[in-house]
Amino acid sequence: MKNHFLGIALAMMTLFGVHAQTNFYVFKTDGTYVTYAVADVDSIGFALPQANPNPDPDPDPDPDPDPCTPTNVANGRNNYCFTTSNANNGTQGFCYVGAGFNAINMCNENFTNGNNLLGATATTAEAAVMVDLGETYSVSSVRLYQGSTNANYPASYCRSYTVWYSTQAVNATNQGNITWQQAAAYNQGAIYNGGTVVVGNAANTTTTGDIVNFDAVNARSIKIVFNKNACNGTGNPAGTVSI
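Attention here is on the structure that accompanies the text. This one's a predicted model, so the numbers in the text were calculated from it and none came from an experiment.

1. Some points on the environment of Thr206
Part 1: Tracing the chain through its elements places Thr206 in strand β10 (residues 205-206).
Part 2: Spatially, the C-alpha atoms of Thr206 and Asn193 are 5.6 Å apart, while their sequence positions differ by 13 residues.
Part 3: One polar contact links the side chain of Thr206 to the main-chain amide nitrogen of Gly209, over a distance of 3.2 Å.

Rendered as structure tokens:
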């Protein structure tokens, strides 16, 4: 009878609002009772609980590497780089491989050399470099290694520049006359202090390169426009920028 009474009492408590009670009592045959806090009870039964034959597995015992690890989508695109000047031979205008511009490691992960652009002394409207990425990517950062390994171009870098993107392909035919939108402005440009870069008397150096982050954009082409007044090269010609 005690067991039946227990079941009925619990049913009544449930029916009339157990949430309003703080304790319930189990009466034993010897006249004593045990008090339990309602908040501590998960369930009540007349048999011991069975072990779960199918426990929940570890939700992610070996998580996969971050699927958003950045990839350098410009690497190896030397033949698809364009610029408005080439300080190595003084050529100005839209330059590309075979037309006054030598793409020397400009888009390679190789810092032994680069290309020297006219910055402060450029006569073009922009002192800029462009690259066709080959297809459209989601781009959210640009890393720029500034500096020349040529002793004639010490401290060759630009302190400020803007990053632009386009969903169109820049090429020798359109000469960069495509629709560009600004992705970021950067005012902490520094010379890469690594490899054989000629740092010279540069006031701003970096061991990581300039890292410019921005909201992700869909880009086929990227353009970097250097602020001519912030190009600090002290070589001949002066005011160059090298990447």
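2. Some remarks on the pairing of strand β4 (residues 91-95)
A regular strand places its side chains on the two faces of the sheet in alternate fashion.
Part 1: With three bridges joining them, strand β3 (residues 81-86) and β4 adopt antiparallel strand pairing. From the neighbouring strand, Thr83 faces β4, where its bridge partner is Cys95.
Part 2: The antiparallel hairpin formed by β3 and β4 contains four residues in its connecting segment, where Gly90 sits at a positive phi of about 80 degrees.

3. Some details on the pattern of salt bridges
Part 1: One pass over the full model with this rule turns up three salt bridges.
Part 2: The residue Asp132 makes a salt bridge to Arg77 at a minimum N-O spacing of 3.7 Å. Separated by 55 residues along the polypeptide, Asp132 in strand β6 (residues 127-144) and Arg77 in the loop between β2 (33-37) and β3 bring together distant segments of the chain. Each member of the pair Asp132 and Arg77 is classed as buried.
Part 3: The residue Glu126 makes a salt bridge to Lys223 at a minimum N-O spacing of 3.3 Å. Taken as a pair, Glu126 in the loop between β5 (116-118) and β6 and Lys223 in strand β11 (residues 210-226) lie far apart in primary sequence, 97 residues in all.
Part 4: A cluster of three or more residues bridged by salt bridges with shared partners is formed by Arg77, Asp132 and Arg220.

Conventions and cut-offs
- Residues numbered from 1 in each chain as written.
- Predicted model: local features only at pLDDT ≥ 70, side-chain atom pairs only at ≥ 80, totals over all residues.
- Heavy atoms only, no water.
- Helix = DSSP H or I, 4+ residues; strand = E, 2+ residues; numbered from the N terminus.
- Polar contact = N/O pair within 3.5 Å; in protein donor to acceptor, adjacent residues only side chain to side chain.
- Pairing = 2+ DSSP bridges.
- Salt bridge = Lys/Arg side-chain N within 4 Å of Asp/Glu carboxyl O.
- Buried < 20%, exposed > 50% of the residue type's maximum accessible area, 1.4 Å probe, protein only.

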